[in-house]
Amino acid sequence: MNSVQIAILSLALALNSFIAYLTAGVVMKDENVARKLRYSLVMLFTQAILAASGLWVGIRIGFLASNSNYYIAIAMLVFMGLKILLDSIRIKPEDRTFDLSEMRNIIMLSLAEGIPPLIVCIAIGLTLESAVVPLF
């Protein structure tokens, strides 16, 4: 994968996460700034850690079977793209709201939102030899 393809996938993941931030902004409009900042930092770090670990796992798996990595990566990306599109069509905006008053709920939401970056980064890692450029 070249840098342009990686940038496009990164933009798609950012737009996917933007919906969670937008929904949380509506839910947390009456909360104090400290709670909003805590939510944002938990979401950011969880997604960054899951994306980095996805790249690492993808590169490690990529060394095992280099002949079929491209096809596996394409299948994973198509699957995730279809899942995100179908979820955005199927789920109503009213059903996307969560109770973000407890830290446990915030962590669970951030882990759930971190699954698409994890899978997409595994697919990216399958086609790369070094994770330095995509990590940034």
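Criteria and cut-off values
- Residues numbered from 1 in each chain as written.
- Predicted model: local features only at pLDDT ≥ 70, side-chain atom pairs only at ≥ 80, totals over all residues.
- Heavy atoms only, no water.
- Patch = residues over 30% accessible without salt bridge, like charges linked within 9 Å, V, L, I, M, F, W, Y side chains within 5 Å.
- Areas by Shrake-Rupley, 256 points an atom, 1.4 Å probe, with all protein chains shown as cover.
- Salt bridge = Lys/Arg side-chain N within 4 Å of Asp/Glu carboxyl O.
- Helix = DSSP H or I, 4+ residues; strand = E, 2+ residues; numbered from the N terminus.
- Buried < 20%, exposed > 50% of the residue type's maximum accessible area, 1.4 Å probe, protein only.
- Core = buried A, V, L, I, M, F, W, Y, C linked by side-chain atoms within 4.5 Å.
- pLDDT = per-residue confidence, 0-100.

Participant: How do you make sense of a nonpolar patch on the surface when you look at a structure like this?
Facilitator: Among the surface-exposed residues, Y70, Y71, I74, V78, L82, L85 and L86 lie close enough to one another that they form a single nonpolar patch of about 760 Å² accessible area. Following the sequence through the fold, Y70 ends up in helix α3 (residues 69-90). Accessibility expressed as a relative area gives 51% for Y70, which makes it exposed.

Participant: Can you walk me through the nonpolar core in this structure?
Facilitator: Considering soluble globular proteins, one finds that nonpolar side chains tend to be buried as a cluster. Counting residues in each nonpolar core, the largest one holds 14 residues, and the members touching the most others are L77, V120 and I124. Top element by residues in this core is helix α4 (residues 103-126). It accounts for 5 residues. Within the second largest apolar cluster, 8 residues are counted, among which are A24, V42, I106 and L109.

Participant: Any chance you could explain the confidence of the model for the protein chain here in plain terms?
Facilitator: Across the protein chain, pLDDT averages 77, with 87% of residues at or above 70. Looking over the protein chain, one finds the lowest element-wise mean pLDDT in helix α5 (residues 132-135), namely 72, and the highest in helix α2 (residues 33-64), namely 83.

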